[in-house]
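Coordinate inspection notes
Chain by chain, the residues:
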Amino acid sequence: MTLAELGWDNDRAAAFAPHAAEGWRPGRVTLQMKGYFEITGDFGARLAECSGRFQHAAIQPADFPAVGDWVAAAVPEAPEARAVIHAVLPRRSRFSRRDAGGNDVEQVLAANLDTVFLVSALDRTHNLARLERYVAAAWSSGAQPVILLNKADLAEDAAAIRTEVTRAAPGVPTFVISARSRRGLKALTPYLQPGRTIALLGPSGVGKSTLVNRLVGEELLPTQEVRDADDKGRHTTTRRELIVAPNGVIIIDTPGMRSLQPWDAAEGVAAAFGDVAALAAQCRFRDCTHTVEPGCAIAAALAAGTLDLERWQSFQRMQRATAHEVRRGDRRAGQIYKADVRRATKGLRRRIQEKLGEE
Ligand code: GDP
Ligand code: ZN
């Protein structure tokens, strides 16, 4: 496999230059196991572990390689010999969660994703609040979110749901598709280019595996029908968690990503709703409930039509979801959220003052 096929480009090569001088080689993490990794490069696929020095220097779990990471490794000639990872290249994006023990520690589930498809099914399971949490998680990861409303063949009013979703997640491309009938799949081509890394996020049963198989034109992932048929094999087989599909698109599919509970959504809320939060901070009363208070900036904006009612409602839902996460002990996310809101508020205040000064 060539490096380009794995997503390598000029910027990565530039970031890697100092490591090349050490005689190390670039590889991408294609599978993560307890303490070990599989890395793939132009040398093929190798079992790898982190050097003693690397482990010593690592301060937190997030410093260790994750699926999708580019690493610098010493790769011995003998194909069965283990490679030794010396460095992780800077990540362009990363999906994280709190570690499985429930501690306030970041665990990276996948790195260097270009696009994340957030999948919801247009049936009874469709849930706008959950989709919004995924959008927030995607924004905070640094990858581009794209919403796929799947199972259009089962939908009674796909257009209405689409409108609602677009309002709740402005700026996020949204597509109505059917993996079964193949409706709408052509429109996804721009995201499915060779060397681009994608992942699909969404609850079980929405059609992620079916979609991947459709999108790459091959049976790469077992779908639920198959899974039900031979349930035994699927837990024991180790499959690569980063796959280069025949059409060149790179797919990351880790168990952790599949079951992602977007705990760090607060950062994403701030990114997606910074303007709304800033507006709310303009209310006369600091504890304004934005219902009956005089001098409520939200009520004013709603009345003036400068704030969309649906968007305001989705902000409130996000806040409730976030507050829940914060209560669960994620102080860090809460702090970042507050800092972001504060920053956004300051910017808005300044703009308003400038405006007032002009008049
Ligand atoms: P995953 O858990 O998200 O990977 O979901 P699967 O890909 O395993 O699909 C779950 C079920 O939904 C399977 O029975 C699929 O055949 C079905 N499914 C997937 N896409 C569609 C679709 O567009 N329309 C309909 N009606 N069913 C679909
Ligand atoms: Zn108010």
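Residues numbered from 1 in each chain as written. Chains lettered and ligands numbered in written order. Predicted model: local features only at pLDDT ≥ 70, side-chain atom pairs only at ≥ 80, totals over all residues. Heavy atoms only, no water.

1. A short note on the coordination of the zinc ion (ligand 2)
Looking at the zinc ion (ligand 2), one finds its protein donor set to be C283 (SG), C288 (SG), H290 (ND1) and C296 (SG), positioned 2.2 to 2.4 Å from the metal centre. Viewed at the metal, the four donor atoms of the zinc ion (ligand 2) are separated by angles of 97 to 115°, and the geometry they form is tetrahedral. (Donors = N, O, S within 2.8 Å, 3.2 Å for Na, K, Ca; no water. Tetrahedral: all angles 85-135°; square planar, octahedral: opposite > 155°, others 65-115°.)

2. Describing the sheet that holds strand β8 (residues 115–121)
Strands pair in a sheet through their backbones, by hydrogen bonds, and they do so in one of two ways: parallel or antiparallel. Across the sheet, six strands lie side by side as β10-β9-β8-β11-β13-β12; this open sheet has mixed pairing. Two strands close off the open sheet at either side, each with one partner strand: β10 (174–176) and β12 (242–244). Averaged over all adjacent pairs, the angle separating strand axes in this sheet is 25°, with direction ignored. Note that strand β9 (residues 144–150) and β10 share three bridges and pair parallel. Within β10, the residue paired with I147 across the bridge is T174. Across the sheet, helix α4 (residues 158–168) touches β9 and β10, and the angle it forms with β10 is around 170°. (Pairing = 2+ DSSP bridges. Helix = DSSP H or I, 4+ residues; strand = E, 2+ residues; numbered from the N terminus. Axes fitted to C-alpha atoms, helices over the stretch in contact; angles between N-to-C directions. Contact = heavy atoms within 4.5 Å.)

3. Side note on the environment of A81
When you line up the elements, A81 lands in the loop between β4 (70–74) and β5 (83–88). For A81, a relative accessible area of 25% translates into the label partly exposed. In contact with A81, other than residues within four places in its own chain, are R46 and P76. (Buried < 20%, exposed > 50% of the residue type's maximum accessible area, 1.4 Å probe, protein only.)

4. Some details on α4
Among all positions of α4, only A158, V165 and A168 are buried. Axial view of α4: buried residues confined to an arc of 95°, hence all on one face. (Arc of directions from axis to C-beta.)

5. Remarks on helix α1 (residues 10–20)
R12, F16 and H19 are the residues of α1 that are buried. Each buried residue of α1 sits inside an arc of 20° when the element is viewed along its axis, so together they form one side. In α1, the exposed positions angled more than 90 degrees off the buried face are occupied by N10, D11, A14 and P18. On its buried face, α1 is in contact with β1 (25–32), β4 and β5. Where α1 begins, one side-chain oxygen reaches toward the backbone nitrogen of D11, 3.2 Å away; that side chain belongs to D9. (Polar contact = N/O pair within 3.5 Å; in protein donor to acceptor, adjacent residues only side chain to side chain.)

6. Comments concerning the pairing of strand β11 (residues 197–201)
Within β11, five of the five residues are buried, which leaves the element mostly enclosed by the surrounding structure. Burial along β11 is two-sided: the face carrying T197, A199 and L201 and the face carrying I198 and L200 are both buried. In the sheet, β8 pairs with β11 via four bridges, with the strands oriented parallel. Across the sheet, residue T115 finds its bridge partner in β11, namely I198.

7. Focus on the nonpolar core
Formed by 51 residues in total, the largest nonpolar core has its most connected members in I39, I85, F95, L113, L118, I147 and M257. Tallying contributions element by element places helix α3 (residues 128–141) first for this core, with six residues. When residues of this core are assigned to domains, at least three map to each of domain 1 (4–88) and domain 2 (94–253). For I85, the contacting residues outside a window of four places in its chain are F37, I39, A48, E49, C50, S51, F54, P65, V71, A72 and A73. Grouped together as the second largest cluster of nonpolar side chains are 22 residues, L148, L192, A245 and V249 included. (Core = buried A, V, L, I, M, F, W, Y, C linked by side-chain atoms within 4.5 Å. Domains from an automatic or database assignment.)

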